[in-house]
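# Breakdown of the fold
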Amino acid sequence: MYADGILYLMSGFRGNAVKAIDLAKAKGDITGTATILWEYNQDAPYTPSPILMDGKLYFLKGNSGIMTCLNAKDGKVIYSNQKLDGITNIFSSPTGNKDKIYVAATNIVNVVKAGPEFSILAKNTLDDTFEASPIIVGDDLFLRGAKYLYCISEK
């Protein structure tokens, strides 16, 4: 993902790589140069994409329900290894909106408070399986399950 001139790269495939790269300085082989602003080479996601919200980079470890949050500017750990409730295996990417992060996995959907302290706001169990990422349109949250399409609206 890209924001404010910085490219954020991560992969949990055959190792762990999390890097922030200054694209204005990137040219040729950037290994070991100041072009790489910071690295945090652990707990990287395998399938789920990260979220960048309000200067914070949120991501899941492997395909598990373990969440990490870093300061996007300097890579400093805000929190790490925080277990989401009931999630053991996940293929969808978290989705963020305002001050909430929605994480859908198997038949559990967790709502996590965005910000400097890890807090699960809600755990919702549905009779379905989720491998697609939650989508937000206006005040509506859409969840595509294996059986149904759900729309959850704010009053």
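Anyway, here's the lowdown on the structure attached to this text.

The rules we used
- Residues numbered from 1 in each chain as written.
- Predicted model: local features only at pLDDT ≥ 70, side-chain atom pairs only at ≥ 80, totals over all residues.
- Heavy atoms only, no water.
- Phe/Tyr/Trp six-rings, centres within 6.5 Å; stacked < 30°, edge-to-face > 60°.
- Helix = DSSP H or I, 4+ residues; strand = E, 2+ residues; numbered from the N terminus.
- Buried < 20%, exposed > 50% of the residue type's maximum accessible area, 1.4 Å probe, protein only.
- Salt bridge = Lys/Arg side-chain N within 4 Å of Asp/Glu carboxyl O.

Under the definition given, this model contains six aromatic pairs. Aromatic pair Phe130 and Tyr150: ring centres 5.7 Å apart, planes at 55°, arrangement tilted. In this pair, Phe130 sits in strand β11 (residues 120–130) while Tyr150 sits in strand β14 (residues 149–153), placing the two residues 20 residues apart along the sequence. When the ring of Tyr148 is compared with that of Tyr150, the centres are 6.1 Å apart and the planes differ by 80°; the resulting orientation is edge-to-face. For Tyr148, a relative accessible area of 48% puts it in the partly exposed group. For Tyr150, a relative accessible area of 18% translates into the label buried. Taken together through their ring pairs, the aromatic side chains of Phe130, Tyr148 and Tyr150 make up a single cluster.

On to the pattern of salt bridges, then. Considering all chains together, one arrives at seven salt bridges under this definition. For Asp139, the salt bridge is made with Lys98, and the minimal N-O distance between the two is 3.6 Å. On the criterion of sequence distance, the pair formed by Asp139 in the loop between β12 (135–137) and β13 (140–144) and Lys98 in the loop between β9 (95–97) and β10 (100–113) is long-range, its members being 41 residues apart. Residue classification places Lys98 among the exposed positions, given a relative accessible area of 57%. Among the ionic pairs, Asp99 bridges to Lys100, the shortest N-O distance being 3.4 Å.

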